[in-house]
Amino acid sequence: MDFRNGIGLRPLGSSAAEFEQDLLSNLYYRRGTTVESASAQDAYESLVLTVRDRLAERRARTTAAHYAANPRWVYYLSAEYLLGRQLEQNILYSGTGEIATAAMKALGVSPEEMDELDIEPGLGNGGLGRLAACLVDAMATLDIPAIGYGIRYDFGIFKQTFVDGAQVEKPDDWTFQGNPWEFPAPDDRQTVFFYGHTTRDEAGRTKWIPGEIVLGEPSHMLVPGYGTETVNIVRLWRARGSESSFDLERFSAGQYAEAVQEAVRAENISKVLYPDDSTELGRELRLKQQYFLVSCSLRDILRRFRLWGGPLTDFPAKSVIQLNDTHPSLAIPELMRLLVDEEGLGWDEAWLLTQRTFAYTCHTLLPEALETWPVALFERLLPRHLEIIYEINQRLLDEVRSRYPGDIDRVRRMSLIQEAPERRVRMAHLAVAGTSAVNGVAELHSQLLAETTLHDFATMWPGKFRNVTNGVSPRRFLRIANPALSELITSALGDSRWAGDLDRLRGLERFADDPAFLRSWRDIKRANKARLGLGDPDALMDVMVKRFHEYKRQQLKLLHVITQYHRIKDNPGGDHVPRTVLFAGKAAPAYHAAKSIIRLINAVAATIEADPAVTPYLKVVFPPNYNVTLGELIIPAADLSEQISLAGKEASGTGNMKLALNGALTIGTLDGANIEIRERVGAENFFLFGLDTPAATELKASGYHPRSYYERDPELRAALDAIMSGAFGGVGKEVAESLLNWDEYLTLADFRAYAECQEAVDRAWQDQTAWTKASLLNTARAGYFSADRTVSDYASTIWHVEPVRVTRD
Ligand code: GL2
């Protein structure tokens, strides 16, 4: 079929009556039920289909416009997407808010109930996965022809529950009820190979004889742009056994498990998202997942390239592939394999095309998060790719030797292969070698990457390295999450264009000294706290939401909470500022130190809760299972945003941006994007404390003794002694011991500065007008942290792509 010869879509109605009619049609014809017997799930799915159809219509027009334009495409490869709930966003983006509400009202359907039935696809761990979702949203908003590729995990990020205060993980069977947002496209399935060996054919070309064959079946979710007709997609791959993977003979012989074992093995590849965050996870299945994603996606990208025809030499002119961290970096040897082995190109030509096609975003500085894989595993699982990596390495090291004659140490450092204690492939080096641009995700991060982690590469290829500071979706994290504040902003600015052009928030500065406006601003914050329903809405809402990791230093916040508890106990009638301290976040299931911190927080919360002398001033809450949906409820309620990682450890952070955008004041270190937030919102509207990166590095180098801080600081000592003496139900001694004996992330060194800075916070809170003004200025000046700006930076400095406008008819 040739869709390019025009499509005569019947436009879907834009009145409430038509929407209602379509909803009923969907209920009858697609759900196969009736008004009388419809369940809430039937109503929900019919509503989804009605909204989805309106986006699908735009999708058809988008595709037609893209075909006509034959543009350069952005292909975003990411092992994670934390998309968040779809319904409210898609109603907003499709402009069906009013008619959908009217239709629901007419049919007696509750919008809140519909939202509750909308399941969040939790296909990511934390910031990196949510960033991918914000970037695809922004690409569509900026009319950039783009596809996000990922994996359709059967089980997303685990559900966190607490049992006696300890984290217990439960599986997240997110498609148990199906996923009405998704379009399966089994006819676009791809074949993926694993294991086996390589040989040479008569022509001397290398051939890979695989030992396992798996199918990848795609389905896609729609990614509409805001304020535009463009609808892009994320295409997610699911692994399946081939037709022959079911052994009928064995089944007939009663060997039921054996009969399906091959199919099960294949399907396990996309079974579960690995729940680690910023740490390397060395598991064969994980490497299989990575190759599965890359192999399916590249074949799909080449298939699409061929739709327009043109020689392979045009491939980079028509495609830029952005690697979201090293997880998809196998795409580099895979494209080489496709070009050299399957397409018959020479090595040098293939390498130039490959480098020109790819760009790589690095998201970490932690050495333990830089992926490496055992050479022995590669040899078994991907024998041809290992040969290609060796060849890439040979040429890379030849270049190093010729640029730096005699510098053997440099050769060893830059090699794609780590030799000791075990031979391993360094995926970050592969990603730098095989791409034309490498970026960090905040200014400090990009600078430190070039100075430390990737220093040798940045010296050899300075032109390759750049910075693209992260951003967040203003639609999801302000417009949708904070409807009351959005309305106030819209009425103040005169229209809602700010949601698609976040720099317009600057216009709010006009109201910074307007008492009535500030009162409205404060009332909304209070109402958001009441909506959240955790703690007194008049108390200062002090929020730390993020994954649990020692470098992020939830333990520092906790030591301060204990100190505050002691101060209140010692001086019950004192002038204490009432605070609700909110923690939320998950720890990787195998990360015991992080889980100990979670358990201790819950124990401290319980001890405080049981003490009536303290509860009027201090409450610690820890809602379980932090995810995008819960974030949308917490972030608008925050007064204070805790961004207290050790300087030089947090690549960027994006929660910091969401909180500032919602008018929370940051208490933070000079780390990641905190620095840029402070620069923009103004130092006077930001609570800065702690060691900076050079000071932290120096302290570590000169021999750090955490115990000396304990000995010198009576309040710090009292907090740690309380834990050690079992004051919190005997929980958390290992946390205190680790801090006293090791304290990798200099928590005790920063404690006093942090406690003093918190006193400054308390003082600032006493003047509510000044506080509210600072809150407003945080929002007004956070426009830079829009993902739209991030994507436009990528587009102009790395991708060199042009928008393609989609017209209404
Ligand atoms: C992270 C960084 O830790 C975080 O600072 C950054 O904001 C995000 C997005 O760039 O990436 N790196 C990483 O591996 N995870 C992150 O959240 N999981």
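As annotated in an unreviewed UniProt entry, the protein carries the name Alpha-1,4 glucan phosphorylase and is attributed to Paractinoplanes rhizophilus. Per UniProt, the protein has the following entry under Sequence similarities (unreviewed entry): "Belongs to the glycogen phosphorylase family." Under the heading Catalytic activity (unreviewed entry), UniProt records this for the protein: "[(1->4)-alpha-D-glucosyl](n) + phosphate = [(1->4)-alpha-D-glucosyl](n-1) + alpha-D-glucose 1-phosphate".

Bringing the overall build of the protein into the picture now. A count of helical and extended segments in the protein gives 33 helices and 25 strands. For the protein, whose C-alpha radius of gyration is 27 Å, the value lies close to the compact-globule estimate of 28 Å for 809 residues. Seen through its C-alpha atoms, the protein measures out along the principal axes to roughly 90 × 75 × 60 Å. Among the 809 residues that make up the protein, the fraction classed as buried is 49%. The long-range share in the protein, meaning contacts at least 24 apart out of those at least 6 apart in sequence, stands at 76%.

Take the domain arrangement of the protein next. Taken domain by domain, the protein comprises domain 1 (70-85 + 120-469 + 795-799) and domain 2 (474-785). On a C-alpha basis, the centroid separation for the pair domain 1 and domain 2 is 35 Å. With 39 residues of domain 1 at the interface, the matching set in domain 2 holds 34 residues. Those elements that place two or more of their residues in the side of domain 1 that touches domain 2 are α6 (127-141), β5 (159-163), β6 (166-170) and α17 (443-453). Residue composition of the side of domain 1 that touches domain 2, grouped by class: 13 nonpolar, 18 polar and eight charged.

Moving on, we get to the site of the ligand. In the vicinity of the ligand lie 18 residues, with G127, L128, H363, A651 and S652 positioned nearest. A per-class count over the shell around the ligand returns five nonpolar, eleven polar and two charged. Counting only domains with at least three residues in the shell around the ligand, you end up with domain 1 (70-85 + 120-469 + 795-799) and domain 2 (474-785).

Of note, the bond from A420 into P421 is cis; its omega dihedral lies within 30 degrees of zero at 0 degrees. Examined against the element boundaries, P421 turns out to sit in the loop between β16 (417-418) and β17 (424-426). Even without being a glycine, D143 presents a positive backbone phi close to 60 degrees. Within the element layout of this structure, D143 appears in the loop between α6 and β4 (146-151). With 19 C-beta atoms packed within 10 Å, D143 lands in the partly exposed category. Non-glycine residue S278 carries a positive phi angle of around 60 degrees. In this structure, S278 sits in the loop between α8 (256-267) and α9 (284-307). Owing to 24 C-beta atoms within 10 Å, S278 belongs among the buried residues under this scheme.

This part covers helix α29 (residues 714-724). Along α29, the residues classified as buried are L716, A719, L720, A722 and I723. Along the long axis of α29, the arc covered by the buried residues comes to 155 degrees, so they all point the same way. G726 sits one or two residues past α29 and shows a positive phi near 85 degrees.

Looking now at the sheet that holds strand β25 (residues 686-688). Spatially, the six strands line up as an open sheet ordered β22-β21-β20-β23-β24-β25, and their pairing is parallel. In the strand order of this sheet, the two ends are held by β22 (618-621) and β25, each with one partner. Averaged over all pairs of adjacent strands, the angle between their axes in this sheet comes to 20 degrees, without regard to strand direction. In terms of strand pairing, strand β23 (residues 640-643) meets strand β24 (residues 665-668) through four bridges, oriented parallel. Residue Q643 lies in a different strand from β24, and its bridge partner there is G668. On the sheet, helix α26 (residues 674-681) packs against β23, β24 and β25 and is oriented at approximately 135 degrees with respect to β25.

Sheet architecture is open: three strands sit in the order β15-β17-β16, paired in antiparallel fashion. The open sheet has two edge strands with one neighbour each: β15 (372-374) and β16. Taken together, the three bridges between β15 and β17 define a ladder with antiparallel strand orientation. Across the sheet, the residue bridging to W373 is V425, located in β17.

Here we take up the confidence of the model for the protein. Reading predicted coordinates in detail is not appropriate for stretches of low pLDDT. With 99% of its residues at a pLDDT of at least 70, the protein reaches an overall mean of 97. Predicted as a complex, the structure gets a pTM of 0.98 and an ipTM equal to 0.98.

Side-chain alternation along β24 places L665 and I667 on one buried face and T666 and G668 on a second face that is also buried. A crossover connection joins β23 to the parallel β24 through helix α25 (residues 655-661); in handedness this β-α-β unit is right-handed. As paired elements, β24 and β25 share three bridges and run parallel to each other. For G668, the partnering residue across the bridge sits in β25 and is L688. Taken together, β24, α26 and β25 constitute a β-α-β crossover, and its handedness is right-handed.

Moving on to the pairing of strand β20 (residues 540-545). Counting buried positions along β20 yields six of six residues, so the element is predominantly enclosed. Neither face of β20 is left uncovered, since the one carrying L540, D542 and M544 and the one carrying M541, V543 and V545 both have all their residues buried. Two elements, β20 and strand β21 (residues 579-584), share six bridges in a ladder whose sense is parallel. Note on β21: the bridge partner recorded for V545 is A584. Taken together, β20, helix α22 (residues 554-570) and β21 constitute a β-α-β crossover, and its handedness is right-handed.

On to the packing of α22 against helix α31 (residues 747-766). With their axes 10 Å apart at the nearest point, α22 and α31 run at an angle of 55 degrees to one another. If you check the angle between α22 and α31, you find them oblique. The two elements α22 and α31 cross, and the hand of that crossing is right-handed. Along its contact with α22, which presents Q555, L556, L559, H560 and T563, the element α31 presents T747, D750, F751, Y754, A755 and Q758. Looking at the contact of α22 with α31, its residues break down into five nonpolar, five polar and one charged.

As a further point, take the packing of helix α11 (residues 331-342) against helix α14 (residues 383-403). Between α11 and α14, the shortest axis-to-axis distance is 9 Å and the interhelical angle comes to 100 degrees. One finds that α11 runs roughly perpendicular with respect to α14. In this structure, α11 contributes P333, E334, M336 and R337 to the contact, and α14 contributes R384, H385, I388 and I389. In terms of residue class, the contact of α11 with α14 is made up of four nonpolar, one polar and three charged.

Attention now moves to the environment of L559. Along the chain, L559 turns up in helix α22. Separated by 63 residues in sequence, L559 and F622 place their C-alpha atoms 16 Å apart. With residues up to four places along the chain from it excluded, the contact list for L559 reads L716, A719 and F751.

Another aspect to go through is the environment of W308. Take W308: it is sitting in the loop between α9 and α10 (315-318). The exposed category is assigned to W308, around which 11 C-beta atoms lie within 10 Å. Spatially, the C-alpha atom of W308 lies 9.9 Å from that of A68, the residues being 240 residues apart in sequence.

What counts and how
- Residues numbered from 1 in each chain as written.
- Predicted model: local features only at pLDDT ≥ 70, side-chain atom pairs only at ≥ 80, totals over all residues.
- UniProt positions renumbered as here; feature names shortened; annotations may be inferred.
- Helix = DSSP H or I, 4+ residues; strand = E, 2+ residues; numbered from the N terminus.
- Rg over C-alpha atoms; globule rule 2.2 N^0.38 Å.
- Buried ≥ 20, exposed ≤ 12 C-beta atoms within 10 Å, placed from the backbone.
- Contact = placed C-beta atoms within 7 Å.
- Domains from an automatic or database assignment.
- Nonpolar A, V, L, I, M, F, W, Y, C, P; charged D, E, K, R; others polar.
- Near = placed C-beta within 6 Å.
- Arc of directions from axis to C-beta.
- Pairing = 2+ DSSP bridges.
- Axes fitted to C-alpha atoms, helices over the stretch in contact; angles between N-to-C directions.
- pLDDT = per-residue confidence, 0-100.
- Right-handed = clockwise from strand over helix to strand, strands pointing away.
- Parallel < 35°, antiparallel > 145°, perpendicular 65-115°, else oblique.
- Left-handed = near helix turned anticlockwise from the far one by under 90°.

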